[in-house]
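Topology and contacts: notes
So you can see what is in the structure, the chains are spelled out below.
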Amino acid sequence: MAEDVFKKLVAHCKEYGYVFQSSEIYDGLGAVYDYGQNGVGLKNNIKKYWWDSMVMHHENVVGIDSAIFMHPTTWKASGHVDAFNDPLIDNKDSKKRYRADVLIEEQLAKIEAKIDKEIEKAKKRFGDSFDEEQFKTTNPRVLNNQEKWDALHKRFSDALNDNNLEELKQIIVDEEIACPISGTKNWTDVRQFNLMFATEMGSTADGAQKIYLRPETAQGIFVNYLNVQKTGRMKLPFGIAQIGKAFRNEIVARQFIFRMREFEQMEMQFFVKPGTELDWFEKWKTTRMSWHQALGFGEENYRFHKHEKLAHYANAAVDVEYKFPFGFKEVEGIHSRTDFDLSQHQEYSGKKIQYYDPEEGKSYVPYVVETSIGVDRMFLQVMAASYREEEIEDANGKKDTRVVLTLPPVLAPVKLAVLPLVKKDGLPEKAREIIDDLKFDFNCQYDEKDSIGKRYRRMDAIGTPFCVTIDHQTMEDNTVTIRYRDTMEQDRVEISKLHGIIAEAVSMKGIFAKLK
Ligand code: GAP
């Protein structure tokens, strides 16, 4: 059911100019996508919401824009050359390649789904008197599945922590996980695969240098730590934020723009005094969760997922997860990265990367708390949360389905549509006049084709929060009807009031006021 909704969402993204497969006329390029005329607007608004909340609203956070290409030693120092790997396994019959950890995670999710199903069934059976906690701790089927989940989860975490590839394979064999394509359990061994894309800089005659397309934007921030700290006279604690492209040769590239090979990140590295990092980690957790929840998609749809396996450089890590149609999945990572990255760059570059703390009277390598969110994944989250199919009745009482994107007005790519009821009697000219007045503040769209009902539906489908209709009365008294996307209600208002009504609904100020 939820999978069906997801398929429809993907089709909707294409039909309404949000997301296209890259190089589609050549049959596309796997896990690479282009954003269309509406997608680019939504993407830019998501980036603005993030950038303003980070850089404009924090006196001690500044932004940069570093290059995609970096000196190759950067990736040696960061550990990406040696350890940015995924554990892969091939099915010998279908010749399909999978991430071993993902296969096991999917197995865990299947057990979780069984537990949820039991709970849902019992909820329906017992109605208001249902005590979920009691049910979970006493129902034999739930207990049995929970035991299975705990055992598998422990085995999986241990294998990941020990980097034990044989054990990962053994789990797949013991759990009898089959290839979804061939249906067989005929697996190769598990081996590591580096995710970085490499290319060459300079001509071969000059001795070309192997360089990488950055797999995260964070390293561009670390190598600029000294530049920003010195030129900005920054005092700890302070942050550096950046939005930019990242590239990963993802093997399991599925679920549309959830996992891509070229994507965009919004990352912020917050530099702090050693010993204070876990307090800052908690503060940024609260700040970031509040940023997500302020969009109004329902608090119950978000959760923190604590990392079982901490990277060797981290002393705390959580993901912010959202309930996508295919389950709770990571949208953002928040990591306490200790002094690992700066110390590594200090060692590999031979340059002193330290902060002189006037209060302590000594220099040290700052610790770092990182917040890292994918623009594209956030885009998918917003689209998934906004896509609705509603049963409605038209003016004649006929039942119909309306597809509507209930995008938060601040993020909607088109803020209002101006629609002359007919293409004559000066109505189109009046509509253009209104657009000319409002277009400096809001992205407006003019549409005169088809019946007014069809035009409303087109605007619902791209998520336009307001439709303004010009009719003959407008020519007499300078009033228009304004239709609200979510309720479909209409008001008659003076043209001079439009700016105020729209500005209030689409301004970022309202949403920023909700942030913790
Ligand atoms: N600097 C830390 C870092 O890159 P990460 O967990 O690998 O951490 C952070 O990535 C975020 O970037 C993820 O939470 C996700 O939103 C996004 N992301 C990572 N890989 C992605 C991919 N292949 N496609 C789309 N988004 C991705």
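This one's a predicted model, so the numbers in the text were calculated from it and none came from an experiment. (Residues numbered from 1 in each chain as written. Predicted model: local features only at pLDDT ≥ 70, side-chain atom pairs only at ≥ 80, totals over all residues. Heavy atoms only, no water.)

1. A word on the overall build of the protein chain
- Counting its regular elements, the protein chain contains 18 helices and 23 strands.
- Compactness check: the protein chain gives a C-alpha radius of gyration of 26 Å against a globular reference of 24 Å for 516 residues, within 12% of the reference.
- If you line up the protein chain on its principal axes, its C-alpha atoms span 75 × 65 × 55 Å.
- In the protein chain, buried positions account for 49% of the 516 residues.
- Put simply, of all contacts in the protein chain between residues at least 6 apart along the chain, 65% involve residues at least 24 apart.
- In the form shown here, the protein chain has an accessible surface area of approximately 25900 Å², with 49% of it arising from carbon and sulfur atoms.
- In the protein chain, 73 positive and 83 negative side-chain charges are present, and the distance between their average locations comes to 2 Å. (Helix = DSSP H or I, 4+ residues; strand = E, 2+ residues; numbered from the N terminus. Rg over C-alpha atoms; globule rule 2.2 N^0.38 Å. Buried < 20%, exposed > 50% of the residue type's maximum accessible area, 1.4 Å probe, protein only. Contact = heavy atoms within 4.5 Å. Areas by Shrake-Rupley, 256 points an atom, 1.4 Å probe, with all protein chains shown as cover. Lys, Arg positive; Asp, Glu negative; His and termini not counted. Charge placed at Lys NZ, Arg CZ, Asp CG, Glu CD.)

2. Considering the environment of L9
- Within the secondary structure, L9 sits in helix α1 (residues 2-15).
- In this structure the C-alpha to C-alpha distance between L9 and V40, which are 31 residues apart in sequence, comes to 17 Å.
- Excluding anything up to four places from it in sequence, L9 contacts L380, M383, A384 and Y387.

3. Examining helix α13 (residues 375-386)
- Taking 1.5 Å per residue as the helical rise, α13 with its 12 residues ought to reach 16 Å, and the 16 Å between its terminal C-alpha atoms agrees with that figure.
- Counting buried positions over the 12 residues of α13 gives 12, a clear majority of the element. (Expected span 1.5 Å × (residues − 1).)

4. Considering the pattern of salt bridges
- A complete count under the given rule lists 41 salt bridges for this structure.
- R337 is the partner of E216 in a salt bridge, and the nearest nitrogen-oxygen pair spans 3.7 Å. A residue pair is termed long-range when its members are at least 10 positions apart, and E216 in the loop between β8 (209-212) and α9 (218-222) and R337 in strand β13 (residues 327-338) qualify at 121 residues. Across the pair, exposure class does not vary: E216 and R337 are buried alike.
- We note a salt bridge from R483 to D460, for which the minimum N-O separation is 3.0 Å. With R483 in strand β22 (residues 479-484) and D460 in helix α15 (residues 452-462), this residue pair connects regions lying 23 residues apart in the sequence.
- Residue class for R483 comes out buried when judged on its relative accessible area of 4%.
- Bridged by salt links that share partners, the residues E120, K123, E132, E133 and K136 form one connected network. (Salt bridge = Lys/Arg side-chain N within 4 Å of Asp/Glu carboxyl O.)

5. Side note on the site of the ligand
- Within the structure, the ligand sits among 21 residues, and E216, M260, E267, E330 and V331 are positioned closest to it.
- In the environment of the ligand, a nitrogen atom lies 2.9 Å from a nitrogen or oxygen atom belonging to the side chain of E370.
- Contact with the protein chains covers 91% of the free accessible surface of the ligand, which is 550 Å².
- Looking at the shell around the ligand, the elements with two or more residues in it are β10 (262-272), β13 and β16 (367-374).
- The greatest single-element share of the shell around the ligand, amounting to 6 residues, is contributed by β13.
- Here the shell around the ligand is composed, by residue class, of 6 nonpolar, 5 polar and 10 charged. (Near = heavy atom within 4 Å. Polar contact = N/O pair within 3.5 Å; in protein donor to acceptor, adjacent residues only side chain to side chain. Nonpolar A, V, L, I, M, F, W, Y, C, P; charged D, E, K, R; others polar.)

6. What about helix α11 (residues 277-293)?
- With 17 residues, α11 ought to run about 24 Å at 1.5 Å a step, and its terminal C-alpha atoms sit 24 Å apart, in line with that.
- Three or more residues of α11 are buried, namely E277, F281, W284, K285, R288, M289, S290, W291 and H292.

7. Concerning the domain arrangement of the protein chain
- According to the domain assignment, the protein chain contains domain 1 (1-67 + 213-294 + 309-386) and domain 2 (414-512).
- One C-alpha centre belongs to domain 1, the other to domain 2; they are set 36 Å apart.
- The interface of domain 1 with domain 2 comprises 11 residues on the first partner and 7 residues on the second.
- Both sides together, the interface formed by domain 1 and domain 2 hides about 800 Å², and carbon and sulfur atoms give 69% of it. (Domains from an automatic or database assignment. Buried area = accessible area lost by both parts, 1.4 Å probe.)

8. Overview of the sheet that holds strand β5 (residues 97-99)
- The strand order β5-β4-β6 describes an open sheet built from 3 strands, whose pairing is antiparallel. Strands with a single pairing partner mark the edges of an open sheet, and in this sheet they are β5 and β6 (191-194). Neighbour-to-neighbour, the strand axes of the sheet open up by a mean angle of 50 degrees, direction not taken into account.
- Helix α5 (residues 100-126) rests against β4 (85-90) and β5 of the sheet, and its axis sits at about 65 degrees to β5. (Pairing = 2+ DSSP bridges. Axes fitted to C-alpha atoms, helices over the stretch in contact; angles between N-to-C directions.)

9. Comments concerning unusual backbone geometry
- The linkage connecting L236 with the following residue, P237, adopts the cis geometry, with an omega of -5 degrees.
- Counting through the fold element by element, P237 comes out in the loop between α10 (225-231) and β9 (238-247).
- With phi around 50 degrees, S23 is a residue other than glycine that occupies positive phi space.
- Its location among the elements puts S23 in the loop between β1 (19-21) and β2 (33-35).

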